[in-house]
Amino acid sequence: MLMGFVAFTLSLLLLPFILLHQVHASSHGTNYVTTNVDGICTSSVIIHGYKCQELVVTTKDGYILSLQRIPEGRGEVSGTRTKKQPVILQHGVLVDGMTWLLNPPEEDLPLILADNGFDVWIANTRGTRYSRRHISLDPSNPAFWNWSWDELVAYDLPAVFDYVFKQTSQKIHYVGHSLGTLIALASLSEGKLVKEVKSAALLSPIAYLSHMNTALGVVAAKTFVAEFTTLFGLAEFNPRGLHVHALLHSLCAYPGIDCYDLLTSLTGKNCCLNSSTVDLFLRNEPQSTSTKNLVHLSQTVRDGFLSKFNYVKPSYNYMHYGEVFPPIYNLSNIPHDIPLFISYGGKDALSDVHDVGNLLDSLKFHDVDKLSVQFIKDYAHADYIMGINARDIVYNVVLSFFNQTFDR
Ligand SMILES: *[C@@H]1O[C@H](CO)[C@@H](O)[C@H](O)[C@H]1NC(C)=O
Ligand SMILES: *[C@@H]1O[C@H](CO)[C@@H](O)[C@H](O)[C@H]1NC(C)=O
Ligand SMILES: *[C@@H]1O[C@H](CO)[C@@H](O)[C@H](O)[C@H]1NC(C)=O
């Protein structure tokens, strides 16, 4: 999750978790935890006394994504009251929707939102544990993994928004963490989601990544770009797989990289994690993503601006885009009246304060009364998802943001 999110980190982010997990797994065998075979509702929501529905959404390019709906608060009498406002929660890279649900229930954002009168929808992007189906491709086929975050921008997020909008006939609030912020910003900048979104809360925002200040992240990003074709080709990036394990070992040999405390070296010094929750996290995450996605994230780290996947060879870019350079995502094109809440942490190595500064700069023409920003000095990347005090410090602020009456 947490970190994972990160995206670009991807590499980075991921790596730490991954590494941690490898350590953990080596003493217990490398099998996936199988207690969640029935899905996220059963394992993480219904056990806490909430209603929860497992749903599926098919994207325009054929991926079948799992989606969980928590329609009401615990113990609520159904069908009363006015129509609830829908909220979509979007996780980051190398994790799935379960990462929102690892703390005790009174500390988990989806359940807090449900108890406060929202109709909650948890998205799971392609390739993660419950979103590994496609209308014609099997995950064992490399073509299943032929996507980067461009496709999350173009297909996954729009598919989930369209579905929730059709089901509820209401505009939708959004919460994204890490890569979940980048894909929303990029989608909005291309005019997608605009008619359906009511507001967006962006936690640990990832957009520009050039200041990412973890040594591991930077090395991983460089390695990723270089090793993409030789080591992995077009394939699943399974953090629990042997190839990835070997890659991580090689990265850990770089000077200045502390693989002993990977979570910290990847995400920054999280102030407020519960060790039981971190254990649970490591048993359930990291999840697979595509190697191409990590390469794209690494390009984002390296290039310092947001553009579509770079095929490197001008002729390949021309073939895909009709231009020799990949098109950029211009965040200044996000409609200026969309209510945005941005929360970032002073200790976040993935969502560095300078990069957040660049993000805010690209939003400088946003309507001033539609942009609110929170800075939390002690928070790092994972605190936003698993912090024991996130409810008081962040989630209550998100609730009041959503409860403002926006006429959109
Ligand atoms: C940490 O997590 C454990 C297991 O969920 C829980 O019993 C404990 O109360 C948590 N501690 C805090 C401070 O939230
Ligand atoms: C991957 O997708 C691109 C289009 O995005 C396509 O040009 C290419 O042929 C695909 N490769 C494979 C192996 O499916
Ligand atoms: C992004 O769009 C804004 C306004 O439309 C424009 O002023 C700016 O030059 C664009 N940025 C890039 C990098 O193209």
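Residues numbered from 1 in each chain as written. Chains lettered and ligands numbered in written order. Predicted model: local features only at pLDDT ≥ 70, side-chain atom pairs only at ≥ 80, totals over all residues. Heavy atoms only, no water.

- As recorded by an unreviewed UniProt entry, the chain carries the name Lipase and is attributed to Lupinus albus.
- What UniProt records for the chain under Sequence similarities (unreviewed entry) is the sentence "Belongs to the AB hydrolase superfamily. Lipase family." (UniProt positions renumbered as here; feature names shortened; annotations may be inferred.)

### Observations concerning the overall build of the chain
Here comes step 1: Within the chain, the regular secondary structure consists of 15 helices and eleven strands.
Here comes step 2: Taking all 408 residues of the chain together, the buried fraction comes to 61%.
Here comes step 3: Taking as baseline every contact in the chain between residues at least 6 positions apart, the subset at least 24 positions apart corresponds to 79%.
Here comes step 4: Counting every atom, the chain has about 15,600 Å² of accessible surface; 55% of that belongs to carbon and sulfur. (Helix = DSSP H or I, 4+ residues; strand = E, 2+ residues; numbered from the N terminus. Buried < 20%, exposed > 50% of the residue type's maximum accessible area, 1.4 Å probe, protein only. Contact = heavy atoms within 4.5 Å. Areas by Shrake-Rupley, 256 points an atom, 1.4 Å probe, with all protein chains shown as cover.)

### Overview of a nonpolar patch on the surface
Here comes step 1: Together, Tyr318, Val324 and Phe325 make up an exposed nonpolar region whose accessible area comes to about 360 Å².
Here comes step 2: Tracing the chain through its elements places Tyr318 in helix H12 (residues 314–321). (Patch = residues over 30% accessible without salt bridge, like charges linked within 9 Å, V, L, I, M, F, W, Y side chains within 5 Å. Salt bridge = Lys/Arg side-chain N within 4 Å of Asp/Glu carboxyl O.)

### Points about the nonpolar core
Here comes step 1: One finds Ile88, Trp149 and Tyr174 to be the most contacted residues of the largest nonpolar core, which totals 54 residues.
Here comes step 2: Among the elements that line this core, the one with the most residues is helix H5 (residues 149–168), at eight residues.
Here comes step 3: Apart from the residues within four sequence positions on either side, Trp149 is in contact with Leu179, Leu182, Ile183, Ala186, Asn293, His296, Leu297, Thr300, Leu306, Ser307 and Tyr329.
Here comes step 4: Judged by nonpolar contacts, the second largest core, of 43 residues, contains Cys52, Val87, Ala114 and Ala201. (Core = buried A, V, L, I, M, F, W, Y, C linked by side-chain atoms within 4.5 Å.)

### Side note on the pairing of strand S4 (residues 118–123)
Here comes step 1: Counting buried positions along S4 gives six out of six residues, so the element sits mostly inside the fold.
Here comes step 2: Covered by surrounding structure in S4 are Phe118, Val120 and Ile122 together with Asp119, Trp121 and Ala123, the residues of both alternating faces.
Here comes step 3: Relative to S4, strand S2 (residues 63–70) runs antiparallel, the two sharing four bridges. Counterpart to Gln68 in the pairing with S4 is Ile122.
Here comes step 4: Two elements, strand S3 (residues 85–90) and S4, share five bridges in a ladder whose sense is parallel. What sits directly across from Ile88, in S4, is Trp121.
Here comes step 5: Crossover handedness for the path S3 to helix H4 (residues 109–115) to S4: right-handed. (Pairing = 2+ DSSP bridges. Right-handed = clockwise from strand over helix to strand, strands pointing away.)

### Let's talk about the state of the cysteines
Here comes step 1: Using the criterion set out here, one finds two disulfides in the structure.
Here comes step 2: Residue Cys41 pairs covalently with Cys52 via a disulfide, S to S 2.0 Å. Looking along the S-S bond of the Cys41-Cys52 disulfide, the torsion reads about -65 degrees, which is the left-handed sense. Of this pair, Cys41 sits in helix H3 (residues 40–45) while Cys52 sits in the loop between H3 and strand S1 (53–58), placing them eleven residues apart in sequence. Exposure class is identical for Cys41 and Cys52. Each is buried. (Disulfide = S-S within 2.5 Å.)

### Quick look at helix H11 (residues 291–303)
Here comes step 1: The end-to-end C-alpha distance of H11, which contains 13 residues, comes to 18 Å, matching closely the 18 Å that a straight helix rising 1.5 Å per residue would cover.
Here comes step 2: Counting buried positions along H11 yields eleven of 13 residues, so the element is predominantly enclosed.
Here comes step 3: Along H11, the positions that sit buried rather than exposed are Thr291, Lys292, Asn293, Leu294, Val295, His296, Leu297, Ser298, Gln299, Thr300 and Val301.
Here comes step 4: Once H11 finishes, Gly304 follows within two positions and takes phi at roughly 75 degrees, a positive value. (Expected span 1.5 Å × (residues − 1).)

### Quick notes on the packing of aromatic side chains
Here comes step 1: If you walk through the whole model with that rule in mind, you get 13 aromatic pairs.
Here comes step 2: Between Tyr63 and Phe144, the aromatic rings sit 5.1 Å apart at their centres with planes inclined by 65 degrees, giving edge-to-face as the arrangement. Of this pair, Tyr63 sits in strand S2 while Phe144 sits in the loop between strand S5 (133–134) and H5, and the two are 81 residues apart along the sequence.
Here comes step 3: A residue is classified by how much of its surface remains accessible, and Phe144, at 0% relative accessible area, is buried.
Here comes step 4: Ring plane angle 45 degrees and centroid distance 5.7 Å describe the contact between Phe401 and Phe402, whose orientation is recorded as tilted.
Here comes step 5: By relative accessible area, Phe401 is classed as buried at 3%. (Phe/Tyr/Trp six-rings, centres within 6.5 Å; stacked < 30°, edge-to-face > 60°.)

### As for the pairing of strand S10 (residues 340–345)
Here comes step 1: Of all six residues that make up S10, six are buried, and the element is covered over most of its length.
Here comes step 2: Residues Leu340, Ile342 and Tyr344 line one face of S10 and the alternating positions Phe341, Ser343 and Gly345 line the opposite face, and both faces are buried.
Here comes step 3: The pairing of strand S7 (residues 197–203) with S10 spans four bridges and is classified as parallel. Bridge pairing in S10 places Ala201 opposite Phe341.
Here comes step 4: For S10 and strand S11 (residues 371–376), the ladder comprises six bridges, and the chain directions are parallel. Note that in S11 the partner of Phe341 across the bridge is Ser372.
Here comes step 5: Chirality of the crossover, the property in question, places the unit of S10, helix H13 (residues 353–362) and S11 among those that are right-handed.

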